[in-house]
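Remarks on the overall topology
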Amino acid sequence: MKNQEFAAKIYAPEIEPKIRHPRILDTFDELASGQVMELINDHDPRPLRYQFMVERENQFEWEYLEEGPEQWRVAISKK
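Structure report, in brief.

What counts, and at which threshold
Residues numbered from 1 in each chain as written. Predicted model: local features only at pLDDT ≥ 70, side-chain atom pairs only at ≥ 80, totals over all residues. Heavy atoms only, no water. Phe/Tyr/Trp six-rings, centres within 6.5 Å; stacked < 30°, edge-to-face > 60°. Helix = DSSP H or I, 4+ residues; strand = E, 2+ residues; numbered from the N terminus. Buried < 20%, exposed > 50% of the residue type's maximum accessible area, 1.4 Å probe, protein only. Lys NZ or Arg CZ within 6 Å of the ring centre and 35° of its normal. Core = buried A, V, L, I, M, F, W, Y, C linked by side-chain atoms within 4.5 Å. Contact = heavy atoms within 4.5 Å.

According to the stated counting rule, one finds four aromatic pairs in the structure shown. Both rings, one in phenylalanine 52 and one in tryptophan 62, keep their centres 6.0 Å apart while their planes meet at 65 degrees; by these two values the pair is edge-to-face. Here tryptophan 62 lies in strand E3 (residues 60-67) and phenylalanine 52 lies in helix H2 (residues 46-55), a separation of ten residues in the sequence. Tryptophan 62 carries the same exposure label as phenylalanine 52, and that label is buried. Among the aromatic residues, ring-to-ring pairing joins Phe28, Phe52, Phe60, Trp62 and Tyr64 into one connected group. Above the plane of the ring of phenylalanine 28 lies lysine 78, whose end atom (NZ or CZ) is 5.4 Å from the centre.

Set out below in structure tokens:
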């Protein structure tokens, strides 16, 4: 996914923890079909991926662009 244009970018560590996942999901919901958002985090966002799998089943694709150890970057595409 090189040279990808992202419709939205989120740097998760800057978001208050109690609203972090809802804000990410809201941003995803605002994407049009075919658009991609970039998520940057300071740890593996695996729990968020599981939440997507439950709450947005068959609506997204998840691709790790960078996998730590200091930064994780994920491209989340809306189907």
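We are not done yet, so read on.
Another point: the nonpolar core. One finds Ile24, Phe28, Met37, Leu39, Phe52, Trp62 and Ile76 to be the most contacted residues of the largest nonpolar core, which totals 16 residues. Of all the secondary-structure elements, those providing two or more residues to this core are strand E1 (8-11), helix H1 (17-30), strand E2 (36-41), H2, E3 and strand E4 (72-78). Looking at which element gives the most residues to this core, the answer is H1, with three residues. Those residues in contact with isoleucine 24 that sit more than four places away from it in its chain are Ile10, Met37, Leu39, Leu48 and Phe52.

Function-wise, these values are silent; they only describe arrangement.
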